[in-house]
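# Descriptive structure summary
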Amino acid sequence: METVVSGIRSTGHLHLGNYFGAIKNFVKMQHQHRCYFFIADYHSLTTHPTPDDLYRNVRQVLIEYLAAGIDPEVATLYIQSDVPEVAELYLLLNMNAYKGELERCTSFKDKVRTQPDNVNAGLLTYPVLMAADIIIHKATKVPVGKDQEQHMEMARTFANRFNRLYKTECFPPPYAYNFDEALVKVPGLDGSTKMGKSGAEGNAIFLADEPAVIRKKVMRATTDSGPSQPGEPVSQPIQNLFDLMGIVSDQGTLTHYQDAYKQGTIRYGDMKKQLAEDMIAFTAPVRERILAIDADENYLRKVARMGAEKARESARQTIREVREIIGFASALPVN
Ligand code: TYM
């Protein structure tokens, strides 16, 4: 049985990008593999959340993981900071992660551009922590969206480098995984190519959004003035709407609007109304479960405790092995 690891940062509600890029595969994979899914709360500290916000966001992601279909009795569902062995492995991997390669990472360069006043060491070494998350369980498959491709390459680099340095086969190389299909990139409603929390207002549809909110966001989505003649190439914002329809609507609906576009008879208003209703049909049952789980504090605590225990057991084994490989001579047992 292969080991699977993936995580989601605790920076707010989950959106359709998180769902179709990642969680959908988590749900599919949980019955086939040994799965570890977690809430990346260490990672979210790069933006310095207040303790209240951090707590609330971690809790919310836990709720939404469960509402989206992760079964905590089958998969190991845990909070990253409940497994401090991850932080130890991160420290050890940092000794063989180089400034130059970390500075070349696209997500780091983006942050330098967008938040020049907060270029902290945690941001620079973000891919090292991510590698530690994955290899602490010796995972080989990592279901993620397309935006994580480069981080996955770096995780492989760090795993292989450790193996070479210590002449060991401790860590199998991990790969991004999407059932032999290309990695997914869900576009935004603001015309940008990626749905994300940091996008413009209304860019993302959240699993917890009320139907009225979804209708409003979709009706305000960026469009163009329409094809001026049949067969005109599709602009990015319109392509995004088609892509979103391809994800939440049935094939017949998508084909109908694609044909209308080709014939120059498309009415974006109608298309958006349909898209909003299909998004609501998809999110409504998840939203209901979010509200129900939110009210069950005991269940949430139980899930978090159970996940922490299972994840620590696996992490402890790896750390014990790594300490020995490195040559730490302490007589103190790692417990
Ligand atoms: P994060 O929290 O930004 O996103 C969580 C997951 O959702 C996917 N995703 C998308 N997929 C398709 N289209 C989109 N618009 C979209 N937006 C987000 C992401 O690809 C990701 O799979 N660094 C990671 C968290 C992490 C992690 C890990 C993941 C930390 N350690 C170890 C895997 C393994 C991140 O920031 O994801």
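Use the structure listed above.
Okay, so let's go over this structure.

Analysis parameters
Residue numbers here run from 1 along each chain, matching the order of that chain's written sequence. Totals for whole chains, interfaces and linings use every residue, but because this is a predicted model, local features are given only for residues with pLDDT of at least 70 and side-chain atom pairs only at 80 or more, for both listing and counting. The side-chain quantities take in all heavy atoms of the structure and omit both hydrogens and water. Here, proximity means that at least one heavy atom of the residue falls within 4 Å of the molecule or strand. Definition of a polar contact: a pair of N or O atoms within 3.5 Å, with one able to donate and the other able to accept a hydrogen when the atoms are protein atoms, and with sequence-neighbouring residues admitted only if both atoms are side-chain atoms. Residue exposure ignores everything except the shown protein chains as possible cover, and the areas themselves are Shrake-Rupley values with a 1.4 Å probe. Numbering goes from the N terminus for both helices and strands, where a helix is a DSSP run of H or I of at least four residues and a strand is a run of E of at least two. We call Asp, Glu, Lys and Arg charged. Ala, Val, Leu, Ile, Met, Phe, Trp, Tyr, Cys and Pro are nonpolar, and the rest, Gly among them, are polar. Here a cavity is any set of points on a 1 Å grid over the protein atoms alone where a 1.4 Å probe fits but cannot get out, and a pocket is any open set with protein on both sides within 12 Å along at least 5 of 7 lines; a residue lines the site when it has an atom within 4 Å of a point. Grid points are joined across faces, edges and corners, and a volume is the space filled by probe spheres set on the points. Stacked, edge-to-face and tilted labels apply to pairs of Phe, Tyr and Trp rings (six-membered ring for Trp) whose centres lie within 6.5 Å, assigned for plane angles under 30 degrees, over 60, and everything in between, in that order. Relative accessible area decides the class of each residue, using a 1.4 Å probe on protein chains only: under 20% of the type maximum gives buried, over 50% gives exposed, and in between gives partly exposed. A positively charged side chain is recorded as over a ring if its NZ (Lys) or CZ (Arg) lies within 6 Å of the ring centre. The angle to the ring normal must also be within 35 degrees.

The next thing to look at is the site of the ligand. Around the ligand, the structure places 26 residues, and the nearest of them are Arg-9, Tyr-126, Asp-133, Asp-147 and Val-186. A distance of 2.8 Å separates a nitrogen atom of the ligand from a polar atom in the backbone of Met-195. In the complex, the protein chains occlude 98% of the 710 Å² of accessible area that the ligand would expose alone. Breaking the shell around the ligand down by element, the ones donating at least two residues are β1 (3–9), α1 (16–29), β2 (34–40) and α8 (126–135). For the shell around the ligand, a count of residues per class yields 12 nonpolar, 9 polar and 5 charged.

Turning to empty space enclosed by the protein, a few remarks are in order. Empty pockets left among the atoms are what a rolling probe the size of a water molecule brings to light. Applying the stated rule across the entire model yields 1 cavity of 30 Å³ or more. Roughly 30 Å³ of volume is contained in the largest cavity. The wall of the largest cavity is formed by Leu-93, Asn-96, Phe-158, Arg-161 and Phe-162. In terms of residue count, helix α9 (residues 149–165) provides more of the lining of the largest cavity than any other element does, 3 residues in total. Here the residues of the lining of the largest cavity sort into 3 nonpolar, 1 polar and 1 charged.

Turning our eyes to something else, we now look at the packing of aromatic side chains. Counted according to the given criterion, the structure contains 10 aromatic pairs. Measuring from ring centre to ring centre gives 4.9 Å for Tyr-19 and Phe-20, while their planes differ by 80°; the resulting arrangement is edge-to-face. Here the two residues Tyr-19 and Phe-20 agree in accessibility, since each one is buried. Here Tyr-177 and Phe-179 contribute two aromatic rings whose centre-to-centre distance is 5.2 Å and whose plane-to-plane angle is 55°, an arrangement assigned as tilted. Taking the relative accessible area as the measure of exposure, Phe-179 reaches 22% and is therefore partly exposed. Each member of the aromatic cluster is reached from another via a ring pair, and the members are Tyr-19, Phe-20 and Phe-282. One cation-aromatic arrangement involves Lys-28 over Phe-179; the distance from NZ or CZ to the ring centre is 4.3 Å.

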